[in-house]
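A look at the structure
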Amino acid sequence: DIRLAKHKDLLSDCNAVLKALQPIFQEQGMTETVHNWEDHGYLVTYIKKNGSFANLRIHPHGLVLVDLQSYNDDMKGREEVDQLLNKVEERMKELIHGNIKRVKRLPAILRGGVIDRYWPTADGRLVEYDIDEVVYDEDSPFQNIKILHSKQFGNILILSGDVNLAESDLAYTQAIMGSGKEDYTGKEVLILGGGDGGILYEIVKLKPKMVTMVEISFDKWSLIHINLNVLDNLKGDCYQVLIEDCIPVLKRYAKEGRMFDYVINDLTAVPISTSPEEDSTWEFLRLILDLSMKVLKQDGKYFTQGNCINLTDALTLYEEQLSRLYCPVEFSKETVCVPSYMELWVFYTIWKKQTNI
């Protein structure tokens, strides 16, 4: 794309802009169709015999947009596109005599490729990753699981279109464990989710008494290589992995009176929706919070991810939910840069409010 924001007075005549740019496209042997709206400028389409086409949108307030779609992904095709855009840019500069306010050319988006490189951030921005290989892509009974290899981030785990974790993302694991401020020696730890094995791997190194990890399904997550073989066995000297739904497990532990020093919730981010009455994910989060508090020791800590720092409404709503639990709690939060997310991420530490006797 090229976006040109120009001096409004000099571009009041959209027809002059159209006449200046028409020859560039006509030289390419492109068929032209012009749509004219009296007070809203022009939309012009140009179609080439090979199926490539261009849209030229001329706005009366001084904005000109050029969108090109080409079926030639080879070097020659890209060079032809660049040459055409260069000519458009040069012609506009000649026409406006140096009074262009802004020129912006955006990178090409590759549609329909064998490898999907485009994944949205939590706040809706489109990111192009340097994906060069599809390691795994299958549907489980619960979700679609993709593991894609990135040149920068290593293997990336993507669950139902949501970027979860990459080999580069030790910062995520450290943050959801308390950022190195906790002593796990001799402690009882419960991990909810965490199917990549990263949290379990890091905690086992800290000599806990016992770590219980509850994950509903593993499938081929080990291909992400974060777990470093910790999931080769579902039971070790100081850990056990239960392949179960965590809600029945939490209810069972609460009934048995089993308590933990730490509960780490790695199940899901805070929902983007700000209507908890209508979003079942909010109901799920509230249930997990309440059940987790029931198995958390009075002086224990509950760690969880929040969401992107830009989703302030959703984060505020999550914090409001904390005041509605069966027991009073307090919390703190930390903002961390998780490399493969390409955005700042909020993590929460929650603990039971101490009451004076």
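Just so you know, these numbers come straight off a predicted model, no measurement behind them.

What counts, and at which threshold
- Residues numbered from 1 in each chain as written.
- Predicted model: local features only at pLDDT ≥ 70, side-chain atom pairs only at ≥ 80, totals over all residues.
- Heavy atoms only, no water.
- Helix = DSSP H or I, 4+ residues; strand = E, 2+ residues; numbered from the N terminus.
- Buried < 20%, exposed > 50% of the residue type's maximum accessible area, 1.4 Å probe, protein only.
- Contact = heavy atoms within 4.5 Å.
- Phe/Tyr/Trp six-rings, centres within 6.5 Å; stacked < 30°, edge-to-face > 60°.
- Lys NZ or Arg CZ within 6 Å of the ring centre and 35° of its normal.
- Pairing = 2+ DSSP bridges.
- Axes fitted to C-alpha atoms, helices over the stretch in contact; angles between N-to-C directions.
- UniProt positions renumbered as here; feature names shortened; annotations may be inferred.
- Polar contact = N/O pair within 3.5 Å; in protein donor to acceptor, adjacent residues only side chain to side chain.

1. Considering the overall build of the protein chain
Scanning the protein chain from N- to C-terminus turns up seven helices and 19 strands. Counting the 357 residues in the protein chain, one finds 45% classified as buried. Long-range contacts, defined here as pairs at least 24 residues apart, represent 58% of the contacts in the protein chain between residues at least 6 apart.

2. Some words on the environment of Thr-31
Position of Thr-31 among the secondary structure elements: in strand S2 (residues 31-37). In sequence terms Thr-31 and Lys-49 are 18 residues apart; their C-alpha atoms lie 8.5 Å from each other. Once residues lying within four places of it in the same chain are set aside, the contact partners of Thr-31 are Thr-45, Tyr-46 and Ile-47.

3. Thoughts on the packing of aromatic side chains
Given two aromatic rings, one states the distance between the centres and the angle between the planes to describe the pair. Per the counting criterion, the structure on display carries 10 aromatic pairs. Relative to Tyr-262, the ring of Tyr-184 lies with its centre 4.4 Å away and its plane at 40°, an arrangement referred to as tilted. Taken together, the residues Tyr-184 in the loop between helix H3 (170-176) and strand S13 (188-193) and Tyr-262 in strand S16 (residues 260-266) connect sequence positions 78 residues apart. Since its relative accessible area comes to 2%, Tyr-184 is described here as buried. Among the aromatic residues, ring-to-ring pairing joins Tyr-172, Tyr-341, Trp-345 and Phe-347 into one connected group. Positioned above the aromatic ring of Tyr-253, the side-chain terminus of Arg-258 is 4.8 Å from the ring centre.

4. Observations regarding the pairing of strand S11 (residues 154-159)
Taking burial as the measure, the six residues of S11 include six buried ones, the bulk of the element. Sheet topology places strand S10 (residues 144-150) next to S11; six bridges connect them, and they run antiparallel. From the neighbouring strand, Ile-147 faces S11, where its bridge partner is Leu-157. Adjacent in sequence and paired antiparallel, S10 and S11 are bridged by three residues. The pairing of S11 with strand S12 (residues 162-166) spans four bridges and is antiparallel. Within S12, the residue paired with Ile-156 across the bridge is Ala-166.

5. Examining the sheet that holds S10
Here we have four strands laid out as an open sheet, ordered S9-S10-S11-S12, and antiparallel in their pairing. The sheet is open, and its two edges are formed by strand S9 (131-139) and S12, each paired on a single side. Between one strand axis and the next, the sheet turns through 25° on average, direction left out of account.

6. Some words on the UniProt feature "active site" (unreviewed entry) in the protein chain
In the numbering adopted here, UniProt assigns the feature "active site" (unreviewed entry) to Asp-266. Take Asp-266: it is sitting in strand S16. Among residues more than four places away in sequence, those in contact with Asp-266 are Tyr-172, Ile-176, Leu-192, Gly-193, Gly-194, Asp-196, Ile-199 and Gln-305. Here the side chain of Asp-266 touches Tyr-172 through a polar contact of 2.4 Å, side chain to side chain.

7. Structural notes on the side chain of Gln-305
The residue Gln-305 is located in strand S17 (residues 296-308) in this model. A distance of 3.1 Å separates a polar atom in the side chain of Gln-305 from a polar atom in the side chain of Tyr-172. Of the polar contacts made by the side chain of Gln-305, one reaches the side chain of Trp-345; its length is 2.9 Å.

8. Description of unusual backbone geometry
Look at Ser-179: it is not a glycine, yet its phi comes out positive at around 55°. With respect to the helices, strands and loops of the structure, Ser-179 is situated in the loop between H3 and S13. Phi at Lys-207 is positive, roughly 60°, even though this residue is not glycine. Along the chain, the position of Lys-207 falls in the loop between helix H4 (198-204) and strand S14 (210-214).

9. Overview of the environment of Gln-26
Position of Gln-26 among the secondary structure elements: in helix H1 (residues 14-26). You can call Gln-26 partly exposed: its relative accessible area is 42%. Residues Gln-26 and Ile-47, spaced 21 residues apart in sequence, show a C-alpha to C-alpha distance of 10.0 Å.

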